Amino acid sequence: MFPFRIPIRDWISAAVDYLSTQFSVVFDSISNLVLFLVDNFKDGLLTLHPLVLIVVLGLITYRMAGWATAGVAVAGLFIVENIGLWVAFNETLALVLSAEVFVIAFGLPLGIFAAGSDRFNGIIRPLLDFMQTMPAFVYLIPAIMFFGLGLVPGVIATFVFAIPPLIRLTNLGIRQVPKELIEASDAFGATRAQKLFKVQMPVALPTVMAGVNQSIMLGLSMVVIAAMIGAGGLGAEVLRGIQRLEVGQGFEAGLAVVILAVILDRITAGFGQIKKPQ
Amino acid sequence: MSKIEIKNVSKIFGPKPERAFKMLEQGIPKNEVQAKTGLVVGVYDISIEIEKGEVFVIMGLSGSGKSTLQRLLNRLHEPTRGEIIIDGKDITKMDHNELIHFRRKAFSGMVFQNFAILPHRTVMGNVEFGLEIHGVDKEKRRKRAQEVIEIVGLQGYENSFPSELSGGMQQRVGLARGLAVDADILLMDEAFSALDPLIRREMQDELLELQSRMKKTIVFVTHDLDEAFKLGDRIAILKDGVMVQMGTAEEIITNPVDDYVTAFVEGLDRTGVFTAGTIMQPVKATAHVNDGLHTILHRIRRAGLSSMLLVDSQRILHGYLKAGEVAEEVKKESVDEKKKPHHSLIHSPETVHPDTHLTEVINLYSESTGPIAVVNDNNKLLGVIVRGAIIAALSKGYKPEDNGYTEQTGTEEKVS
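What you see is a predicted model; the values in this text were computed from it and never measured. (Residues numbered from 1 in each chain as written. Chains lettered and ligands numbered in written order. Predicted model: local features only at pLDDT ≥ 70, side-chain atom pairs only at ≥ 80, totals over all residues. Heavy atoms only, no water.)

(A) Examining the overall build of chain B more closely. Broken down by element type, chain B carries 17 helices and 16 strands. Its C-alpha atoms give chain B a radius of gyration of 28 Å, clearly above 22 Å, the size a compact globule of 416 residues would have. Oriented by its inertia axes, the alpha-carbon framework of chain B measures out at about 90 × 60 × 40 Å. Put simply, chain B has 416 residues, and 52% of those count as buried. In chain B, the proportion of contacts linking residues at least 24 apart, taken out of those at least 6 apart, comes to 67%. When the accessible surface of chain B is split by element, carbon and sulfur atoms take 49% of a total near 19400 Å². (Helix = DSSP H or I, 4+ residues; strand = E, 2+ residues; numbered from the N terminus. Rg over C-alpha atoms; globule rule 2.2 N^0.38 Å. Buried < 20%, exposed > 50% of the residue type's maximum accessible area, 1.4 Å probe, protein only. Contact = heavy atoms within 4.5 Å. Areas by Shrake-Rupley, 256 points an atom, 1.4 Å probe, with all protein chains shown as cover.)

Here it is in structure tokens:
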């Protein structure tokens, strides 16, 4: 239609090039921090004897979701150990947890800020829409450009992909706190901080926890995809199954992902309910 | 000095409120201002002085600006114009920190229609909330909260969560949360409107009882006139953001300023407003303790009564005599004209205090056969209650000052 082509790809590439050369110090520090976190999670999990970890995860699941789910979780974990995916399983868990640490560290404050400022909310909302509808694979490319191959870009891409629901639901949860509760605390002379920590956050907690739950689930799906750029873990096993057309191996790795998903989902879904009376 | 002085306060919601003021000054009503400028008039040019220890009721239908006015008092809404002076300080001039400090010092928080208590906290945790905000240490606030929990009758429920309590009990928590704070002004926004009628009445009575001990300054917002008149020492009636009348319950009932107030007052349950003192009649004739039977009978006949109250020279009430019994006695003992009535002839009448509510008077009336005397604390006779006066008080156009006795007797005959 037009005699020229809008050079979006050139702009983006140029921007990424510029940033990765000019701000290498920043990216290196982020990279080191991510590595530090993932390594420690992974080492911590793998130091434990599988049986100990199975018991601990079983107990947490029991506390959060009851006997039946705990039984499924423990059985699932034994299967994972048995089919030789224990190390990959824990790598994936470490990746998800690391990404979630960043998601919470950034997502909560951003969500709180969005709830307090309509203007900021107006800016961030289309951005979040964009982040969520963009195909997940696309995040991998800039992540590689900035951080190279390996697990660091995997965690970063996961972070970007998983943060929107937490921001959204934190924002929503705080906005849904009844007006009278805010008025009541104002009437007592509450400061902004007192209002946030004694009223808004506790009342919004179930919604915020739903956000944490969703971001963990999204994170888990992304971690598997991130195996394509060398993030390792269960995703790598799935990928190997695909590349070699070994249906059985692919299925086993997929099953392990499902088991991890069930455990994480039930535990975090339970958090939102924990303070509610019977 | 009044506790709270509201001076020409207005609240306009929306940008550039000056446009609204120009129209309002020309007497253009609220809904037209809104239609033309898009600005919402909360309240316009209201001046009220609320005294310490008073229960002041702000009354009006929804949209009348009553809640807005209340929220201006602690600046949950910023007044657009005017001054609000509490304890001699103009709160409209305070900055954010001063305001927070002042709210802690002057206000016992707010009590809301839908309770607004924290769902994630126990009863104890909720009652402690205000003190916690004020930075009172844990042991002290726990002790204080326990005291207040007992005052509102929630002992035994300290560790229950709000979802486990009934509406009435949740509102007790809301009330206790305010009372726990040692500040003078308590704001109550439709506090009892969500409760069912029986519980509502119970809570109203309890509030009055608490108030008689605590003497807080209460600003109570309601749309219910019965409630307003029951609780309020004074009442301000708002309509479309403007105050149409302010005064005591009796002043408003007997002298409604316009049709709007009249229409309100018509639907009122008057039994809770009028007292024995308002409707009592002067005693037309009495018998003296030193009078002989003949004199008494003569007086009874002349007054055309069926019974007569017996007083001494201090007008202290000694009892009453029935016309029939006196006449029989006179027949029997026709020899001694000076003989005083035997004590078996003197009956003790029902007595009420002038502050007794009409409801109770009516109950007494239906139970007793004799007259109902109105006496003060020293048993001094002040007046009597006539059936006609009760019925007149319940009718719409009643005004206490024009209830002549003869007119009332007429009413009595017609009705009975």
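From this point, things continue past the structure.
(B) The arrangement of helix α15 (residues 358-367) of chain B in detail. Residue and element names in this part refer to chain B. What α15 keeps buried is the set Leu 358, Val 361 and Leu 364. Along the axis of α15, the buried positions cluster into a sector of 115°, meaning they face one direction only. Turned more than 90 degrees from where α15 packs its buried face, Ser 366 and Glu 367 sit exposed. Buried residues along α15 sit against α12 (276-279), β14 (350-352), β15 (372-375), β16 (381-385) and α16 (387-394). (Arc of directions from axis to C-beta.)

(C) Looking closely at the domain arrangement of chain B. Per the domain assignment, the segments making up chain B are domain 1 (4-271) and domain 2 (276-415). Once you take the C-alpha centre of each, domain 1 of chain B and domain 2 of chain B turn out to be 44 Å apart. (Domains from an automatic or database assignment.)

(D) Representation of the sheet that holds strand β5 (residues 89-90) of chain B in the model. Residues and elements named next belong to chain B. Read across the open sheet, the four strands follow the order β2-β1-β4-β5; overall the sheet is antiparallel. Each end of this open sheet is capped by a strand with a single partner; those strands are β2 (40-50) and β5. In the packing of helix α3 (residues 66-73) onto the sheet, contacts are made with β1 (4-13), β2 and β4 (81-86), and the angle to β1 comes to roughly 120°. (Pairing = 2+ DSSP bridges. Axes fitted to C-alpha atoms, helices over the stretch in contact; angles between N-to-C directions.)

(E) The packing of aromatic side chains, seen in detail. All names here are of chain A. On inspection of all chains with the given rule, the structure shows 13 aromatic pairs over all chains. Aromatic pair Phe 27 and Phe 147: ring centres 5.5 Å apart, planes at 90°, arrangement edge-to-face. Placement of Phe 27 in helix α2 (residues 24-47) and of Phe 147 in helix α7 (residues 140-147) is noted, with a sequence separation of 120 residues between them. The same class applies to Phe 27 and to Phe 147, which are both buried. With centroids separated by 6.4 Å and ring planes inclined at 75°, the aromatic side chains of Phe 102 and Phe 159 adopt a geometry described as edge-to-face. (Phe/Tyr/Trp six-rings, centres within 6.5 Å; stacked < 30°, edge-to-face > 60°.)

(F) Inspection of the packing of helix α6 (residues 118-133) of chain A against helix α8 (residues 151-175) of chain A at higher detail. Residues and elements named next belong to chain A. Here α6 crosses α8 at 145°, and the two axes come no closer than 10 Å. Here α6 and α8 pass one another in a crossing that is left-handed. Side by side, α6 and α8 meet where Asp 118, Asn 121, Ile 124, Arg 125, Leu 128, Asp 129, Met 131 and Gln 132 of the first sit next to Val 160, Ile 163, Pro 164, Pro 165, Ile 167, Arg 168, Asn 171 and Arg 175 of the second. Residues that form the contact of α6 with α8 fall into these classes: eight nonpolar, three polar and five charged. (Left-handed = near helix turned anticlockwise from the far one by under 90°. Nonpolar A, V, L, I, M, F, W, Y, C, P; charged D, E, K, R; others polar.)

(G) Representation of the interface of chain B and chain A in the model. Across the contact, 29 residues belong to chain B and 18 residues belong to chain A. Ranking the residues of chain B by area buried against chain A places His 120, Phe 129 and Ile 133 of chain B at the top, with a combined share of 25%. Between the two partners, chain B and chain A, sit two salt bridges. For the salt bridge of Lys 198 of chain A with Glu 132 of chain B, the shortest nitrogen-to-oxygen distance reads 2.7 Å. Where chain B meets chain A, there are seven residue pairs in polar contact (both at pLDDT 80 or more). At the level of secondary structure, the elements contributing two or more residues to the side of chain B that touches chain A comprise α4 (96-106), β6 (107-112), α5 (123-133) and α7 (167-180) of chain B. With five residues, the single largest contributor to the side of chain B that touches chain A is β6 of chain B. Class assignment for the residues of the side of chain B that touches chain A results in 13 nonpolar, nine polar and seven charged. (Buried area = accessible area lost by both parts, 1.4 Å probe. Salt bridge = Lys/Arg side-chain N within 4 Å of Asp/Glu carboxyl O. Polar contact = N/O pair within 3.5 Å; in protein donor to acceptor, adjacent residues only side chain to side chain.)

(H) Representation of unusual backbone geometry in the model. One non-glycine residue, Leu 245 of chain A, lies in the positive phi region at around 55°. Tracing the chain through its elements places Leu 245 of chain A in the loop between α11 (234-243) and α12 (247-273). The phi angle at Phe 115 of chain B is positive, at roughly 70°, despite the residue not being glycine. Along the chain, the position of Phe 115 of chain B falls in the loop between β6 and α5. Assessed through its relative accessible area of 12%, Phe 115 of chain B is described here as buried.

(I) Fine view of the pattern of salt bridges. Considering all chains together, one arrives at 30 salt bridges over all chains under this definition. For Arg 141 of chain B, the salt bridge goes to Glu 128 of chain B, with nearest N and O atoms at 3.1 Å. Highlighted residues: Arg 141 of chain B in helix α6 (residues 138-151) and Glu 128 of chain B in helix α5, separated in sequence by 13 residues. Grouping residues by exposure puts Arg 141 of chain B and Glu 128 of chain B together as buried. Arg 200 of chain B is the partner of Asp 224 of chain B in a salt bridge, and the nearest nitrogen-oxygen pair spans 3.1 Å. Of this pair, Asp 224 of chain B sits in the loop between β8 (217-222) and α9 (225-231) while Arg 200 of chain B sits in helix α8 (residues 197-214); the two residues are 24 residues apart in sequence, bridging distant segments of the chain. Each of Lys 198 of chain A together with Arg 121, Glu 128, Glu 132, Arg 141 and Arg 142 of chain B takes part in salt bridges that share partners, so that together they form one network.

(J) Summary view of the sheet that holds strand β12 (residues 307-311) of chain B. Residue and element names in this part refer to chain B. Strand order in the open sheet formed by three strands is β11-β12-β13, and the pairing between neighbours is mixed. Every other strand in the sheet has two partners, leaving β11 (287-288) and β13 (317-322) as the edge strands with one partner each. In the sheet, β12 pairs with β13 via five bridges, with the strands oriented antiparallel. Along β13, the bridge assignment pairs Leu 310 with Gly 319. Each of β12 and β13 touches helix α14 (residues 323-332); the most contacted strand, β13, lies at about 75° to it.

(K) Representation of a nonpolar patch on the surface in the model. A contiguous nonpolar patch, built from Met 1, Phe 2, Phe 4, Ile 6, Ile 8, Trp 11 and Ile 12 of chain A and spanning about 960 Å² of accessible area, is present on the exposed surface. As for its position among the elements, Ile 8 of chain A is in helix α1 (residues 8-22). (Patch = residues over 30% accessible without salt bridge, like charges linked within 9 Å, V, L, I, M, F, W, Y side chains within 5 Å.)

(L) Region of the structure containing the pairing of strand β9 (residues 234-239) of chain B. Of all six residues in β9 of chain B, five are buried, a share of seventy percent or more. Between the end of β9 of chain B and the start of strand β10 (residues 242-247) of chain B, which pair antiparallel, lie two residues, with Asp 240 of chain B showing a positive phi angle near 50°.

(M) How the structure looks around α11 of chain A. Along α11 of chain A, the positions that sit buried rather than exposed are Leu 234, Gly 235, Ala 236, Glu 237, Val 238 and Gly 241 of chain A. Taken from the residues just after α11 of chain A, Leu 245 of chain A is the one with a positive phi, measuring 55°.

(N) Empty space enclosed by the protein, seen in detail. Residue and element names in this part refer to chain B. Counted under the stated rule, the structure contains one cavity of 30 Å³ or more. Of the volumes computed, that of the largest cavity is approximately 40 Å³. Every residue lining the largest cavity is listed: Leu 179, Leu 186, Leu 207, Leu 210, Gln 211, Met 214, Lys 216 and Ile 218. The element that contributes the greatest number of residues to the lining of the largest cavity is α8, accounting for four residues. When grouped by side-chain class, the residues that make up the lining of the largest cavity number six nonpolar, one polar and one charged. (1 Å grid on protein atoms, 1.4 Å probe; cavity = no way out; pocket = protein on both sides within 12 Å on 5 of 7 lines; lining within 4 Å. Points joined across faces, edges and corners; volume = space filled by probe spheres on them.)

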